[in-house]
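One letter stands for each residue in the lines below.
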Amino acid sequence: MGGKALIQQVLLVDELEQWVEQYRSKASEGKCASYIPALYRADPNQLGICIIEPTGKMHTAGDWEVPFTMQSISKVISFIAACCYHGIPYVLDRVDVEPTGDAFNSIIRLEMHKPGKPFNPMINAGAITTSSLLPGQTPDHKLRYLYAFFSKITGITPMVNEEVFLSEWENSHRNRALAHYLKDTGYLACEVEEALEVYLTQCSIEVTTEQIALIGLLLALDGFHPLRNEQVLPKDVVRLAKALMLTCGMYDASGKFAANVGLPAKSGVSGGIMTLVPANRKTHSPFQYGCGIGIFGPSIDGCGNSVAGVSLLKHIAQEWDVTIF
Ligand code: DON
C-alpha cells in the first residue's frame, strides 16, 4: 500500500473509532429486545462497525467482533434464496413488495387487505411465507438449502445460536398467530410449525459485523463477488432485494432512514444493521467504489432498530457524502 493510501486508511479508522465512542452513549435512548430473554442479556452499550471495500480492505471500530444473531437481517438472505430457486414471479405471487408503515410483527393488514397476501418479505408475515417457500420437504431440508446458499455466497459455514432459537421458539406467540393466519389464507407453503422452525432458526444464525458487511458488499456490487471475481447472485434479484431494503428494511422507520441516511439497509432486533454504498465515482467519498457496512449496537428503539447504529450511520452518511440519491 502506498504512503498516501496508508495515511488515508489510518485517518478513516481514527475517525470511525471517534464516532463509535461519540454515538455509544445513544444506547441509553433505547433498550435491548426484551421479548426474547436471551437478547435482553446483551450489553446495551456495545457498538461496533465493519466496512468492507471491493478490494477486500476492511475498516473496523468498536465492538465489531462481537457475535450476534442475524434476526431480521436473515429476511434478506431467505428472500434472495427463495427468488434464486423459484424465480422472482413465483415468489412475488406469494409475497408483495409494498411497505406497511406498521410494526415488524403487525398482523393488522393481513386481514384488512383480502386475500391476505403479506405486504413484503421484510416484515414477519412476509418472511414467514418466504421461509416456507425454501425448497425441501422438511424444515431440516429447507434449512440445509439456506445454509448451503449462505456458505456459497459468503464462504462461511453458518452457526445457529441454540439458546436464542429456543428462547424465541418458546415466546413466539405472535409469529404463530401470523403463521396460522397465512396458512388459513393459503400463503404458507408448509405446515405452521415447520415454517416457524425455519424462520426462527434463520433468525438465530450467528454473525459478526464483518460477515454482514461482506453480504452488504455483494449487494452493493449487484451480486458480484469482487474477491472471487464471480457473479454469485443474479443482478435482478439483488436489485429487487435492495429496493425492498430501502422501502421496508427499517420497518416503520424506513422512510426516516431513507430521508436521513439514504442507503438500502436491513435491521434486526439483536441490534444488527446491514447496509451498503453503491459505487458513485462522482463523489469524493472515501467509498466511491462502493462498500458493505455491518453495524452492531444491541440497544434498539420502538421500531426495532439499533439506536446508536442508526445515529452512527446518519453521521457517516453526512460526513462521507454517501447516499443513493
Ligand atoms: O420474528 C421475530 O420476532 C424476530 N426473530 C426477528 C424480528 C426482528 O429482528 C425485527 N427487527 N427489527
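Please refer to the structure higher up on the page.
Residues numbered from 1 in each chain as written. Predicted model: local features only at pLDDT ≥ 70, side-chain atom pairs only at ≥ 80, totals over all residues. Heavy atoms only, no water.

Chemist: Tell me about the sheet that holds strand β4 (residues 159-160), residues and numbers included.
Modeler: The strand order β3-β5-β4 describes an open sheet built from three strands, whose pairing is antiparallel. The sheet terminates laterally at β3 (68-69) and β4, the two strands that pair on one side only. Sheet topology places β4 next to strand β5 (residues 205-207); two bridges connect them, and they run antiparallel. Within β5, the position partnered with Val-160 by the bridge is Ile-205. (Pairing = 2+ DSSP bridges. Helix = DSSP H or I, 4+ residues; strand = E, 2+ residues; numbered from the N terminus.)

Chemist: Got a sec to walk through the nonpolar core? Specific residues and values, please.
Modeler: One finds Val-76, Ile-80, Leu-219, Leu-233 and Met-274 to be the most contacted residues of the largest nonpolar core, which totals 42 residues. Residue assignment for this core shows that the elements contributing at least two residues are α3 (74-86), α4 (88-92), α7 (139-154), β5, α11 (209-220), α12 (235-248) and β9 (272-277). Residues lining this core come from more than one domain, with at least three contributed by each of domain 1 (7-68 + 207-320) and domain 2 (72-203). In this structure Ile-80 touches Phe-149, Leu-219, Leu-233, Val-237 and Ala-241, once residues within four positions along its chain are discounted. Core analysis: the second largest hydrophobic core is formed by 27 residues, Tyr-23, Ile-51, Val-261 and Ile-293 among them. (Core = buried A, V, L, I, M, F, W, Y, C linked by side-chain atoms within 4.5 Å. Buried < 20%, exposed > 50% of the residue type's maximum accessible area, 1.4 Å probe, protein only. Domains from an automatic or database assignment. Contact = heavy atoms within 4.5 Å.)

Chemist: Break down the environment of Gln-46 for me, citing the residues and quoting the values.
Modeler: With respect to the helices, strands and loops of the structure, Gln-46 is situated in the loop between α2 (37-40) and β1 (48-52). For Gln-46, a relative accessible area of 16% corresponds to the buried category. Aside from chain neighbours lying at most four places away, what touches Gln-46 is Arg-24, Asp-63, Val-66, Phe-296, Gly-297 and Pro-298.

Chemist: If you had to explain the packing of helix α8 (residues 162-170) against helix α10 (residues 192-203) to someone new, which residues and values would you point to?
Modeler: Two elements in contact, α8 and α10, have axes whose closest approach is 9 Å; the angle formed by their N-to-C orientations is 140°. Of the possible angle classes, the one that applies to α8 and α10 is oblique. Relative to α10, α8 is oriented so that their crossing is right-handed. On α10, the residues that touch Phe-165, Glu-168 and Trp-169 of α8 are Glu-193, Leu-196, Glu-197, Leu-200, Thr-201 and Cys-203. Its residues assigned to classes, the contact of α8 with α10 comprises five nonpolar, one polar and three charged. (Axes fitted to C-alpha atoms, helices over the stretch in contact; angles between N-to-C directions. Parallel < 35°, antiparallel > 145°, perpendicular 65-115°, else oblique. Left-handed = near helix turned anticlockwise from the far one by under 90°. Nonpolar A, V, L, I, M, F, W, Y, C, P; charged D, E, K, R; others polar.)

Chemist: Could you give an account of the site of the ligand, naming the residues involved and the relevant values?
Modeler: Lining the immediate environment of the ligand, one finds 14 residues, of which Tyr-35, Gln-71, Ser-72, Glu-168 and Tyr-199 sit closest. At 3.0 Å, a side-chain N or O of Asn-175 approaches an oxygen atom of the ligand. Relative to its free-state accessible area of 340 Å², the ligand is covered by the protein chains to the extent of 99%. Partitioned by chemical class, the residues of the shell around the ligand number six nonpolar, seven polar and one charged. (Near = heavy atom within 4 Å. Polar contact = N/O pair within 3.5 Å; in protein donor to acceptor, adjacent residues only side chain to side chain. Areas by Shrake-Rupley, 256 points an atom, 1.4 Å probe, with all protein chains shown as cover.)

Chemist: Talk me through the side chain of Asp-222; I want residue IDs and the actual numbers.
Modeler: By the element assignment, Asp-222 lies in the loop between α11 and β6 (224-225). Contacts of Asp-222, omitting those with residues within four sequence positions, involve Gln-231, Leu-233, Lys-235, Val-238, Arg-239 and Lys-242.

Chemist: I'd like to hear about the pairing of β1, residue by residue, with values.
Modeler: Along any regular strand, the residues point their side chains to alternate faces of the sheet. Taken across its five residues, β1 has five buried, putting it largely inside the fold. Here β1 shows two buried faces, one formed by Gly-48, Cys-50 and Ile-52 and the other by Ile-49 and Ile-51. With five bridges joining them, β1 and strand β2 (residues 58-62) adopt antiparallel strand pairing. What sits directly across from Cys-50, in β2, is Thr-60. The turn linking β1 back onto β2 is made up of five residues, and Gly-56 within it adopts a positive phi angle of 95°.

Chemist: Describe the packing of aromatic side chains, with residues and values.
Modeler: Overall, the coordinates contain eight aromatic pairs when judged by the stated rule. Where Tyr-145 meets Phe-149, the ring centres are 6.4 Å apart and the plane angle is 25°; that geometry is what we call stacked. In this pair, Tyr-145 and Phe-149 are both assigned in helix α7, four residues apart and thus about one turn of the helix distant. On the accessibility criterion, Tyr-145 (23% relative accessible area) is partly exposed. Within the aromatic cluster, the residues linked to one another by ring pairs are Trp-19, Phe-287 and Trp-320. The residue whose ring lies beneath Arg-176 is Trp-169, and the NZ or CZ to ring-centre distance is 4.6 Å. (Phe/Tyr/Trp six-rings, centres within 6.5 Å; stacked < 30°, edge-to-face > 60°. Lys NZ or Arg CZ within 6 Å of the ring centre and 35° of its normal.)

Chemist: Please give an account of the packing of α3 against α7 that cites residues and values.
Modeler: The relative placement of two packed helices is expressed as an angle between their axes plus a distance between the axes. Where α3 meets α7, the closest approach of the two axes is 10 Å, and the angle between their N-to-C directions is 100°. One finds that α3 runs roughly perpendicular with respect to α7. Listed contacts from α7 to Ile-77, Ser-78, Ile-80, Ala-81, Cys-84 and Tyr-85 of α3 are Tyr-145, Leu-146, Phe-149 and Phe-150. Here the contact of α3 with α7 is composed, by residue class, of nine nonpolar, one polar and no charged.

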